[in-house]
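Residue-level structural notes
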Amino acid sequence: MAIVFDGTRESYVEGLSEFLGSGRNTLPEWVTDLRREAISGFGNTGFPMLSDEEWRFTNLDVLRRTSFSIVGNGISDVSEKTVDSYGFSGLSCVRLVFVNGRFASPPSDELRDEEGVIATSLSKAACEYSDLVRNHLARYADYEKDPFISLNTSYFEDGVFIYVPDGVVFEKPVHVLYISTDEGQPMFVNPRNLIVVGQSSGAKVVEHYVSTSQNVYFSNVVTEVVCGENANLEHYRLEFESQKAFNFSTLRVNQRKNSNIASHSVLCGGALVRNNIHPVLAGEGCNSDIYGLFMSEGRQHMDNFMRVEHASPHCDSRQFYNGVLDGRSKGVFHGRIMVHEGAEKTDAKQTNRNLLLSDMAQIDTKPQLEIYNDDVKCTHGATIGQMDEEALFYLCSRGIPMRKAKIIMLRAFTNETLENMSISSIRDALEDSVMQWFERRLENGSGR
Amino acid sequence: MLEVRNLHVQVDDKEILKGLNITVAPGEVHSIMGPNGSGKSTLAQVLAGKETYEVTEGEITFQGKDLIDLEPEERACEGIFLAFQYPVEIPGVANTYLLREALNAKREYWNEKPLKHVEFAKLAREKMRELGIDEDLLKRSVNTGFSGGEKKRNEVFQMQILEPRLSVLDETDSGLDIDALKIVANGVNSMRGTERSFIVITHYQRLLNYIVPDFVHVMVDGKIVKSGGKELAQELEEKGYAGF
Ligand SMILES: Nc1ncnc2c1ncn2[C@@H]1O[C@H](COP(=O)(O)OP(=O)(O)OP(=O)(O)O)[C@@H](O)[C@H]1O
Ligand SMILES: [Mg+2]
């Protein structure tokens, strides 16, 4: 039976009791309490309005008008072959698969190795490793203030749980595949992920969102990451949702002393996309490298909201986002850097470069520095431009056909972010998808 | 090889070339000199096919073909090469990659097999040694962060790899120290032959001591106003353009 939300604030608030009674809530009782508490966040605000400073470039009226429902029962209609087709060739990894927000056990390689590394579904982990999950779940992502985190915390069914104990460097990437299928009506799915990397440990996690059909659904993701002292995490978020999907996601990272994270986002799918990246550099000497590439066409809208919080001294952060926009698409880059009072010797840098392939495409880029400390170095820069005509002519004057010259230029642009990925098979696969995307654009007569 | 007749070119409704004529036979080296803004680079860019310059009148034939109808890449494959006065920086595109793509595009145009990586590398290394170019420069992004002289040398390097029939060198000597000038001149001279022609645009007679031209043309206000032998360059050096 489906739980239907008609778009109103009330429907999302009142739907919770139905959800809790539906048998879909397979998590322990303490999570139920959490859900009840979390929903009041959304109850207080509903979907944000344009008048909200953090949402001034993204109109959510369409969410308020569209009905979504929690339906479907997982893996049933996704073949192993389909699942395999989303793999990265040559990549040896641990694979976990979720279909419409629920864990698909057979194609997944659940892991509990002798060193204590765990990779499984959050719903299982909440039962089996209750303390571990309870210590961290919903401790970082703020469900009181953020309406999407509130909804996710209230309605999530599953997601990935990854735990790397102290002193273990887990080399194998964990490939987490989230597949959306056509359930005959617009779905509401809430993947919820928790990644805990212990002291002096390392992990590589690839969140990969795909869809088997081009239908409408609302995917609302929250990932919480705890990066222990002196730990290293490389995190990927590859968003290839349906072109009609609504995709909201939050990556909330808590970094302890001397930890390093690299976050790589590639956004390609979705009609309306909001990508929140929110690391808190909580301990001294942290480093955050945040890379992103977003590509939009048609009437896609992609809103990237960065909030890099420097809460301790001697931390470095780098934001490096590139956008490629075609058709009538719109992009937003909102880069906020917050430097707290005690965070002296902060070094924060932000760059956003945008390539417009059409006259109709539009980008709003906005740096925002909130600095409560004198002893900091913060820089930001943004560029918006078309493909460099002089460079294209230069390439053509050497005999390279125009089409190829454009491809070369686009590749150079997108590689500025992709080249920072350490997993080469993923980098190569993404480079290919970027090229395929661009070839399609060229075929449609765009990409001037 | 090249015949330009009554060429009129405008940009943004402003006429820059005003009835220019020049004929270059195979094996010849022509030098064009002239004051700043007289249209020398415009001519060079028009020959290479830059679209911002509109040809309103006149003809350009290259080896019997009407050049005006050809795209820049077709002209390049037909054998025209422009060494830019201001080589363009292209961050993120490796110099070697550009060159290999360019060379293979040309080979494909002539129905030849693409050059293998090793063959290309060997060829590139050879030419680089001759031009005193650091191998490092090959791996770096095209012209990005190159010094003025490195950019010019890189243009000559590309010319050597692509082996054009007609090379247009637009102030390739500007910004070169005396040693580099000799190296670049040697690079050009080593390519001279009965089938290859050059148009050398320069402000300095100095270059022409090393690359000795068959003809020198004076360009003023979009036209060739005087042509002569190599001694004309010497005359210009002494008297300037005041007489034109
Ligand atoms: N894209 C353009 N838009 C507007 N004006 C242009 C453009 N390109 C050239 N011009 C003008 O045309 C004239 C000729 O320029 P050109 O660069 O051909 O001169 P030049 O002879 O090469 O000069 P120099 O010796 O300084 O290199 C100049 O007045 C220049 O300002
Ligand atoms: Mg010039």
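Located above this text is the structure these notes cover.
Residues numbered from 1 in each chain as written. Chains lettered and ligands numbered in written order. Predicted model: local features only at pLDDT ≥ 70, side-chain atom pairs only at ≥ 80, totals over all residues. Heavy atoms only, no water.

Quick look at the overall build of chain B
What chain B contains, in helices and strands, is nine helices and twelve strands. Taken over C-alpha atoms, the radius of gyration comes to 18 Å for chain B, in line with the 18 Å a tight globule of 244 residues would show. The contacts of chain B with a sequence gap of at least 6 include a subset with a gap of at least 24, amounting to 69%. Surface summary for chain B: the accessible area is close to 11000 Å², and the carbon and sulfur share equals 46%. Separation between the mean location of the 30 positive side-chain charges and that of the 40 negative ones in chain B comes to 5 Å. (Helix = DSSP H or I, 4+ residues; strand = E, 2+ residues; numbered from the N terminus. Rg over C-alpha atoms; globule rule 2.2 N^0.38 Å. Contact = heavy atoms within 4.5 Å. Areas by Shrake-Rupley, 256 points an atom, 1.4 Å probe, with all protein chains shown as cover. Lys, Arg positive; Asp, Glu negative; His and termini not counted. Charge placed at Lys NZ, Arg CZ, Asp CG, Glu CD.)

Thoughts on the environment of Asn220(A)
Residues and elements named next belong to chain A. With respect to the element layout, Asn-220 can be found in strand β12 (residues 217–227). Separated by 72 residues in the primary sequence, Asn-220 and Gly-292 have C-alpha atoms spaced 19 Å apart. For Asn-220, the residues in contact, after removing those within four places along its chain, are Phe-148, Leu-151, Asn-152, Phe-188, Val-189, Asn-190, Pro-191 and Phe-248. Within the structure, the side chain of Asn-220 is placed 3.0 Å from the side chain of Asn-190, a separation counted as a polar contact. (Polar contact = N/O pair within 3.5 Å; in protein donor to acceptor, adjacent residues only side chain to side chain.)

Concerning helix α4 (residues 117–131) of chain B
Residue and element names in this part refer to chain B. With 15 residues, α4 extends 21 Å between its outermost C-alpha atoms, agreeing within 8% with the 21 Å of an ideal straight helix rising 1.5 Å per residue. Looking only at α4, the buried set comprises Phe-120, Ala-124, Lys-127, Met-128 and Leu-131. Along the long axis of α4, the arc covered by the buried residues comes to 105 degrees, so they all point the same way. Across from the buried face of α4, at angles greater than 90 degrees, the exposed residues are Val-118, Lys-122 and Arg-129. Residues of α4 that are buried make contact with α3 (95–109), α5 (135–139), α6 (148–162) and α7 (178–189). (Expected span 1.5 Å × (residues − 1). Buried < 20%, exposed > 50% of the residue type's maximum accessible area, 1.4 Å probe, protein only. Arc of directions from axis to C-beta.)

What about the sheet that holds strand β4 (residues 54–62) of chain B?
As a general point, the strands of a sheet are linked pairwise by backbone hydrogen bonds and lie either parallel or antiparallel. All names here are of chain B. As summarised here, the arrangement of the four strands in space is β2-β1-β4-β5, forming an open sheet in which the pairing is antiparallel. With partners counted over all chains shown, the strands left at the sheet margins are β2 (14–24) and β5 (65–66), one partner each. The pairing of strand β1 (residues 2–11) with β2 spans eight bridges and is antiparallel. Paired with Gln-10 across the bridge in β2 is Glu-15. (Pairing = 2+ DSSP bridges.)

Observations concerning the coordination of the magnesium ion (ligand 2)
Each donor-metal-donor angle would ideally measure 109.5 degrees in four-coordinate tetrahedral geometry, or 90 or 180 degrees in six-coordinate octahedral geometry. Residue and element names in this part refer to chain B. On the protein side, the magnesium ion (ligand 2) has Ser-41 (OG) and Gln-85 (OE1) as donor atoms, found 2.0 to 2.1 Å from it. Of the two residues, Ser-41 sits in helix α1 (residues 40–48) while Gln-85 sits in the loop between β6 (80–83) and β7 (90–94), which places them 44 residues apart along the sequence. Look at Gln-85 and you get buried, because its relative accessible area is 15%. (Donors = N, O, S within 2.8 Å, 3.2 Å for Na, K, Ca; no water.)

A word on the side chain of Ser197(B)
All names here are of chain B. For Ser-197, the position within the fold is in strand β10 (residues 197–201). At 3.2 Å, the side chain of Ser-197 forms a polar contact with the backbone nitrogen of Gly-27. Filtering out sequence-adjacent residues up to four positions away, Ser-197 remains in contact with Met-1, Val-24, Ala-25, Pro-26, Gly-27, Glu-28, Arg-165, Leu-166 and Ser-167.

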